[in-house]
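Listed here are the chains, written in short residue letters.
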Amino acid sequence: MNRKKIVAGNWKMNTTVQEGVRLAETLKNNMPALPAGVNVVLGVPYPHLVPVQSAVQGTSIAVAAQNCHQETAGAYTGEVSATMIAGAGISHVILGHSERRQYFGEENTMVSKKTEAALKAGLTVIFCIGEQLDARESNNQESVVADQLTALDILDAAQMQHIILAYEPVWAIGTGKTATATQAQEMHAFIRAELAKKFGNEVAAATSILYGGSCNAGNAAELFAQPDVDGGLIGGASLKAEDFIKIIEARMN
Ligand code: PGA
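Residues numbered from 1 in each chain as written. Predicted model: local features only at pLDDT ≥ 70, side-chain atom pairs only at ≥ 80, totals over all residues. Heavy atoms only, no water.

Draft legend 1. Geometry of the sheet that holds strand E6 (residues 163-167). Taken together, 8 strands build a closed barrel; the order of strands is E1-E2-E3-E4-E5-E6-E7-E8 and the barrel is parallel. The sheet shows a mean angle of 25° between the axes of neighbouring strands, direction not considered. Judged from the 4 bridges that link them, strand E4 (residues 92-95) and strand E5 (residues 124-129) form a sheet pairing that is parallel. Each bridged residue has a counterpart across the sheet, and for His 92 the counterpart in E5 is Thr 124. The strands that helix H5 (residues 108-120) touches are E4, E5 and E6; relative to E5, the one it contacts most, it runs at about 165°. Contacts from helix H12 (residues 241-252) reach strand E1 (5-10), strand E2 (38-43) and strand E8 (231-234) within the one sheet, and its direction differs from that of E1 by about 165°. (Pairing = 2+ DSSP bridges. Helix = DSSP H or I, 4+ residues; strand = E, 2+ residues; numbered from the N terminus. Axes fitted to C-alpha atoms, helices over the stretch in contact; angles between N-to-C directions. Contact = heavy atoms within 4.5 Å.)

This is the structure we're talking about:
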């Protein structure tokens, strides 16, 4: 299996530009050299994109935006297009995060359009999915995730090379309540099976699926040991260089 192992940070709406650049530099200077096949991505606020990208220039750390608009340009005050992000030298974008879905009304159709726009601009997409607590409690998590995955139906196998999936159960995000390694593995295997149905076994086997939701230095190794967990999308713990480096190290083993 040659799919990439990935540790991605999601800084959300945290840090000033100066603090963000300092965090990126601390990571750069203290991180172990990444073996081939292990990637690190930093998901940062818009004003941080270019300065953080400059700070990590020459390393294998990639930078991601946390959202983009689905149109290329136009009268959309306050929005930023995928073309603009790519044009600024940024390689990745996080789309469909549960906070975007919950607080900014992003539903499947919009996330689908954004994904298409991002791929067209040449970005790699970290595509987030995950169920709310009530869906988990009523054992409907698989149908919720399957429904969210329909946003990928417009893509073909070639485009899927530029998609990284992130399974983030909403009840585990920022709550300190991690999914158990078994729960994560079960869902990741389900997601991979759905990808196989949509795009074939080869695409399913080659797509990295990250776990997110209170993943930290203490539980990362157990989660990453699961056969279908290819890495993590890390919120809170990505803001502390020491913790984030421990998570990267856990993914290198
Ligand atoms: P958390 O956030 O690690 O703070 O739970 C994860 C995410 O929202 O991507």
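Draft legend 2. Expanded view of the packing of helix H1 (residues 17-30) against H12. Across the interface, H1 lies against H12 with an axial gap of 10 Å and an inter-helix angle of 45°. The orientation of H1 with respect to H12, classified from their angle, is oblique. Along this stretch, H1 crosses H12, giving a crossing that reads as right-handed. In this structure, H1 contributes Leu 23, Thr 26, Leu 27 and Asn 30 to the contact, and H12 contributes Ala 241, Phe 244 and Ile 245. Along the lines of polarity and charge, the residues of the contact of H1 with H12 split into 5 nonpolar, 2 polar and no charged. (Parallel < 35°, antiparallel > 145°, perpendicular 65-115°, else oblique. Left-handed = near helix turned anticlockwise from the far one by under 90°. Nonpolar A, V, L, I, M, F, W, Y, C, P; charged D, E, K, R; others polar.)

Draft legend 3. Broad picture of the site of the ligand. The immediate surroundings of the ligand are formed by 13 residues, with Lys 12, His 97, Glu 168, Gly 174 and Ser 214 found nearest. In the model, an oxygen atom of the ligand is placed 2.7 Å from a nitrogen or oxygen of the Ser 214 main chain. One nitrogen or oxygen atom from the main chain of Gly 236 is found 2.9 Å from an oxygen atom belonging to the ligand. Contact with the protein chains covers 95% of the free accessible surface of the ligand, which is 280 Å². Looking at side-chain class alone, the shell around the ligand contains 4 nonpolar, 7 polar and 2 charged residues. (Near = heavy atom within 4 Å. Polar contact = N/O pair within 3.5 Å; in protein donor to acceptor, adjacent residues only side chain to side chain. Areas by Shrake-Rupley, 256 points an atom, 1.4 Å probe, with all protein chains shown as cover.)

Draft legend 4. Broad picture of empty space enclosed by the protein. Applying the stated rule across the entire model yields 1 cavity of 30 Å³ or more. Of the voids in this model, the largest cavity is the one considered here, and its volume is about 30 Å³. Gly 96, Ser 98, Arg 101, Cys 128, Ile 129, Gly 130, Gln 148 and Glu 168 are the residues that line the largest cavity. Of all the secondary-structure elements, those providing two or more residues to the lining of the largest cavity are helix H4 (98-103) and E5. Its residues assigned to classes, the lining of the largest cavity shows 2 nonpolar, 4 polar and 2 charged. (1 Å grid on protein atoms, 1.4 Å probe; cavity = no way out; pocket = protein on both sides within 12 Å on 5 of 7 lines; lining within 4 Å. Points joined across faces, edges and corners; volume = space filled by probe spheres on them.)

Draft legend 5. Structural context of the environment of His 188. Mapped onto the fold, His 188 is located in helix H9 (residues 181-199). By relative accessible area, His 188 is classed as buried at 0%. The spacing of His 188 and Asp 228 is 40 residues in sequence and 5.6 Å in space, taken between C-alpha atoms. With near-sequence residues (within four places) excluded, His 188 lies in contact with Tyr 167, Ile 209, Leu 210, Tyr 211, Asp 228 and Val 229. Engagement of the side chain of His 188 in a polar contact is seen with the backbone oxygen of Asp 228, the distance being 3.0 Å. (Buried < 20%, exposed > 50% of the residue type's maximum accessible area, 1.4 Å probe, protein only.)

Draft legend 6. View of the nonpolar core. Grouped together as the largest cluster of nonpolar side chains are 68 residues, with contacts concentrated most on Leu 42, Leu 152 and Ile 191. With residues near it in sequence (within four places) discarded, Leu 152 still touches Phe 127, Met 160, Ile 163, Leu 165, Leu 195 and Phe 199. Among the nonpolar cores identified, the runner-up in size contains 12 residues, and Ala 64, Cys 128, Leu 210 and Leu 233 belong to it. (Core = buried A, V, L, I, M, F, W, Y, C linked by side-chain atoms within 4.5 Å.)

Draft legend 7. Region of interest: the pairing of strand E7 (residues 209-212). Of the two faces of E7, the one holding Ile 209 and Tyr 211 and the one holding Leu 210 and Gly 212 are both buried throughout. In this sheet, E7 lies alongside E6 in parallel orientation, the contact comprising 3 bridges. Bridge pairing in E7 links Leu 165 to Ile 209. In the sheet, E7 pairs with E8 via 3 bridges, with the strands oriented parallel. The partner of Tyr 211 across the bridge, within E8, is Gly 232.

Draft legend 8. Layout of the packing of aromatic side chains. In total, this model carries 1 aromatic pair according to the counting rule given. Seen from the ring of Phe 104, Arg 100 lies directly overhead, with NZ or CZ sitting 4.0 Å from the centre. (Phe/Tyr/Trp six-rings, centres within 6.5 Å; stacked < 30°, edge-to-face > 60°. Lys NZ or Arg CZ within 6 Å of the ring centre and 35° of its normal.)

Draft legend 9. Highlighting helix H7 (residues 141-149). Those residues of H7 lying buried are Gln 141, Val 145, Gln 148 and Leu 149. Buried residues in H7, looked at end-on, bunch into an arc of 100°, giving them a common side. Residues of H7 that are buried in the fold lie against H4, H5, E5, helix H6 (133-137), E6 and H9. (Arc of directions from axis to C-beta.)

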